[in-house]
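Structural features, examined
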There are 2 protein chains.
Amino acid sequence: MTDVVSTDPRTGAAVAAVATETGQEGVDAACSAAAGAARPLAELDRLARADLLRSLARALEEDRAELVALADRESALGTARLNNELNRTVHQFNLFADAVQEGGYLEAVVDRPADTPAGPRPDLRRMLVPLGPVAVFGASNFPLAFSVPGGDTASALAAGCPVVVKAHPAHPATSVRAFEVLSNAARAAGAPEGTLGLVHGVDAGAALVRHPEIRAAAFTGSTRGGRALFDLASARPDPIPFYGELGSLNPLVVTPGAARKRSAEIAQGLVGSFTLGGGQFCTKPGVVLVPGDSEGRALVDGMAELVTGAEAPVLLTEGVRHAYERGSGERREETVPGAHLVAEGIAAKGGWAAPVRLLSVEAAELDPAAVEECFGPVTLVVFYDGPEQLGSVLRDLPPSLAASVFAEPDELDLRAELQSELAHRTGRIVHDGYPTGVAVTAAMQHGGPWPSTTNALHTSVGTTAIRRFLRPMAWQNAPQEVLPDELRDQPVNPVPRQENT
Amino acid sequence: MTDVVSTDPRTGAAVAAVATETGQEGVDAACSAAAGAARPLAELDRLARADLLRSLARALEEDRAELVALADRESALGTARLNNELNRTVHQFNLFADAVQEGGYLEAVVDRPADTPAGPRPDLRRMLVPLGPVAVFGASNFPLAFSVPGGDTASALAAGCPVVVKAHPAHPATSVRAFEVLSNAARAAGAPEGTLGLVHGVDAGAALVRHPEIRAAAFTGSTRGGRALFDLASARPDPIPFYGELGSLNPLVVTPGAARKRSAEIAQGLVGSFTLGGGQFCTKPGVVLVPGDSEGRALVDGMAELVTGAEAPVLLTEGVRHAYERGSGERREETVPGAHLVAEGIAAKGGWAAPVRLLSVEAAELDPAAVEECFGPVTLVVFYDGPEQLGSVLRDLPPSLAASVFAEPDELDLRAELQSELAHRTGRIVHDGYPTGVAVTAAMQHGGPWPSTTNALHTSVGTTAIRRFLRPMAWQNAPQEVLPDELRDQPVNPVPRQENT
């Protein structure tokens, strides 16, 4: 049995073995338990499920000090950021509890018998029902918000689906602790045994996605890893939906007017955004399009100055640092021909620390389709020469989770044209703001065309993330007694519904 | 170039070459035209798109006589049925027009700036936007309702997506005519050139699903064909959603009470349902579970009597007849060991006609997991001995689009237990009715777990079918001027929306 070892990124030293990799038997046991929990969890009263979610939020809050300390020791993200991350996760469980209680997410429709131009219509009632056990893959960069606790787990449980998490090896101790906290709280709240499971190891992750009892999977991570798991999910005898959030460049456009009017402000905001969390956000602005005129170059000079004085953040893992050096270091021309180093931050000292870097390239030298996400504190400035060249770069860049436009009030036509161009290639468009910072709310969309996600029809952040784990079901001519409460003529706990008579 | 030949199923004779198979160049041309139409169609005013759908409905109505005559000549389904089918399609276009005009399908949300427990929230506005060009595969069994015109085409256009149809070879003349009618009407209504395209041939279908400009595909047909296309869609460099409606057994359960009280009525209803349209419905009750007691056997005797006098329907194609003979004829034991012929209808005469057949098997002899759909006028009665054996058969049958329960008022517990068992394995549960007859309405669900569909999260019938071709998009801090009308503070044509302040 292979040990799962917790490492300290600040020193690079192994701290302790905290688990062993899960074998096929362990995966089978977790999936069978989840399958056993599926029906009782689905049949749990909606209000009881909302209470369950609130209990999980409270339990995380009660264990805050230990969870944050563990996560900081394993991720080096700092306690301020990790406390905010836990705030987000607690809020998210409570938000889903409210959504479940309100019930609009069920999309309930009651069609009473009627004559239609296509013939008589029987009594038909529809609402969404849980898909069954869900596999959730923890992400390295959000040990408390996209991992054992987080959006995928919360939305799957909110939908009424048991969850088996594949722990991320970057923070196994945090994963084990968070799992204990959540499963104890679930048990105490009366959730069926098997509602939550945890497995460790790459092979266990693959076995999860292939397991006959798993009905959907949610993943946040690299394009390569996500694609491999997507292919496994699609190749099953019974394919299952695989919601992968993969790589994203999140282009940010600065118009000539914005470069002229807001140079210093944008330079500062941009450096803050691309170095936030060590540049390890899926919404990091990875490509910044700046006019090639003197004002654009002055903006980038401003960025360079800030970068030069920037501390070297500690990255999450040895693998992240290695990929960062490959993509942004001396051999960067292999991935982006023509790219050169504009500025570099303070040299790194120890562990997985790495210096902040600012790269640039002239649009005429760039092959936009070949640009790939480089995780870590680097961004690539592309100097463009006029709106046509700008449009052509935007059209050829791979689609993204988010995109930003900085423009002035007197550039409204250009703003509209840029939005129109970007809208086809992203899930969220930000005006005069940075793509980092993804609010957990009903109007959020965190998901875009391939390769930013495997499935652009859904989001992994915000209340509508619950829709990924639900399928519609129709009851035709059903006696009142066998209908779910939500669809009865006189429901005990009514939900918003469309009624056609 | 290979001719596409229209055949008369009543005689089996080739009537005329009506087209040639589309080569790669033709597919490229159709997809490029669709891609060119995508943005203008998406940016078309919502009310203009509703009008476009209504124009298409009117054009089909105006060409009714010719379309029905052609479809009857190519499918032998009869003019009464085909007129009803056209009613359904016309109604469907109008229903989607109403849905587009109302706008609730956009799932619009406006979140105004606020402080949340997880930090400040910016102005965020979300709604659904069209995916882009959609490939639609015509089905053999509904030349006017799941083909060039029909639910997939109507819902994709309603979503704002251009459509390229792959014509079904069982009715090429109908396909060509329907395409002319729809594209002339679209052009007259001001739709962009490329809004509709048509290709012929198996290779063209595969090329469509692989084409870089195609963003989603919808298919109704065999499990084998659907799986092959699903695999192509999933293996793309940029995978696309593939909505396949494949094979379905649609189990129908008769309880002991129902067999006792309603034997004659159910026998007649069942024979009507499984022979409707020559048994060529995806919702045909393909497995009928009847108690093995004397009352259950009397019910099946009643069915046998009706089958013996039944005319032999003309099937759609030589291939359908061939598969029907293999699955229900003398070698049926190869597919369902233990199955034997209970009754056979009047012998077939000429063309692709085939006799009605009633098969039965004892539950103890059956391997439920191995039962496959057999297209055509046959059903398999399974005699069960008590509720445990019934439950075990239901648990092992492959999932279905629909399932039916016939039970008496004093069997409410049994009805609830059967529903609970079936609910996990179907998309629609019908009480005291037959699964054939799929109303086009908001509460319909036509889609279930694999293998009944490739994607249980959606439906191919009913107004929510539009959701398959839409993805969410969020606007953050957008100036009013660049927001779509639906998300502005003062919309010209308001839609239902969730507002969080």
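As a starting point, this report considers the structure included with it. (Residues numbered from 1 in each chain as written. Chains lettered and ligands numbered in written order. Predicted model: local features only at pLDDT ≥ 70, side-chain atom pairs only at ≥ 80, totals over all residues. Heavy atoms only, no water.)

Now for the overall build of chain A. Each helix and strand counted, chain A has 14 helices and 20 strands in total. Relative to the 2.2 N^0.38 estimate, which gives 23 Å for 501 residues, the radius of gyration of chain A is 24 Å and therefore close to what a compact globule would have. When the backbone C-alpha atoms are referred to their principal axes, chain A occupies close to 75 × 65 × 40 Å. Relative to its 501 residues, chain A shows a buried fraction of 63%. A separation of at least 24 residues holds for 75% of the contacts in chain A among residues at least 6 apart in sequence. By element, 52% of the accessible surface of chain A is carried by carbon and sulfur atoms, the whole surface being about 17,500 Å². (Helix = DSSP H or I, 4+ residues; strand = E, 2+ residues; numbered from the N terminus. Rg over C-alpha atoms; globule rule 2.2 N^0.38 Å. Buried < 20%, exposed > 50% of the residue type's maximum accessible area, 1.4 Å probe, protein only. Contact = heavy atoms within 4.5 Å. Areas by Shrake-Rupley, 256 points an atom, 1.4 Å probe, with all protein chains shown as cover.)

Another point: the relation of the copies chain A and chain B. Its rotation angle being 180 degrees, the transformation that places chain A on chain B also includes 0.0 Å of axial translation and leaves an RMSD of 0.0 Å. Read as a symmetry element, the transformation amounts to a two-fold axis. Closest to the rotation axis within chain A is the C-alpha of Ser234 of chain A, separated from it by 3.3 Å. The residues that chain A uses at the interface reappear at the interface of chain B in 99% of cases, marking a shared surface. (Least-squares fit on C-alpha atoms with pLDDT ≥ 70 in both.)

The next subject is the pairing of strand β2 (residues 13-20) of chain B. Residues and elements named next belong to chain B. Relative to β2, strand β1 (residues 3-8) runs antiparallel, the two sharing six bridges. Across the sheet, residue Thr7 finds its bridge partner in β2, namely Ala14. From the end of β1 to the start of β2, which pair antiparallel, there are four residues, and Gly12 there has a positive phi angle of about 80 degrees. (Pairing = 2+ DSSP bridges.)

Looking at the element boundaries, Asn141 of chain A is found in the loop between β7 (134-137) and α5 (151-159). With near-sequence residues (within four places) excluded, Asn141 of chain A lies in contact with Leu77, Arg81, Glu85, Gln280, Phe281, Cys282, Leu316 and Phe375 of chain A.

Here the focus is helix α3 (residues 64-75) of chain A. All names here are of chain A. Here α3 contains 12 residues, and its C-alpha end-to-end distance of 16 Å stays within 8% of the 16 Å for a straight helix at 1.5 Å per residue. Summarising the contacts, the buried residues of α3 are in contact with β1 (3-8), α2 (46-62), α4 (79-102) and α6 (172-188). Following α3 by one or two positions, Ala76 has its phi on the positive side, about 60 degrees. (Expected span 1.5 Å × (residues − 1).)

This brings us to the side chain of Thr379 of chain A. Residues and elements named next belong to chain A. With respect to the helices and strands, the residue Thr379 is situated in strand β16 (residues 378-384). Owing to a relative accessible area of 1%, Thr379 belongs among the buried residues under this scheme. A polar atom in the side chain of Thr379 sits 3.2 Å from the backbone oxygen of Gly286. (Polar contact = N/O pair within 3.5 Å; in protein donor to acceptor, adjacent residues only side chain to side chain.)

Okay, the interface of chain A and chain B next. Counting residues at the interface gives 73 residues for chain A, matched by 72 residues for chain B. Here chain A meets chain B over a buried area of about 5,600 Å², counting both sides, of which 58% is carbon and sulfur. Summed over the shared surface of chain A and chain B, the result is two salt bridges. Salt-bridge contacts for Glu417 of chain A lead to Arg39 of chain B; the nearest nitrogen and oxygen are separated by 3.5 Å. Run the count over chain A and chain B and you get 38 residue pairs in polar contact (both at pLDDT 80 or more). It is helix α14 (residues 412-423) of chain A that provides the largest number of residues to the side of chain A that touches chain B, a total of eight residues. Its residues assigned to classes, the side of chain A that touches chain B shows 34 nonpolar, 18 polar and 21 charged. (Buried area = accessible area lost by both parts, 1.4 Å probe. Salt bridge = Lys/Arg side-chain N within 4 Å of Asp/Glu carboxyl O. Nonpolar A, V, L, I, M, F, W, Y, C, P; charged D, E, K, R; others polar.)

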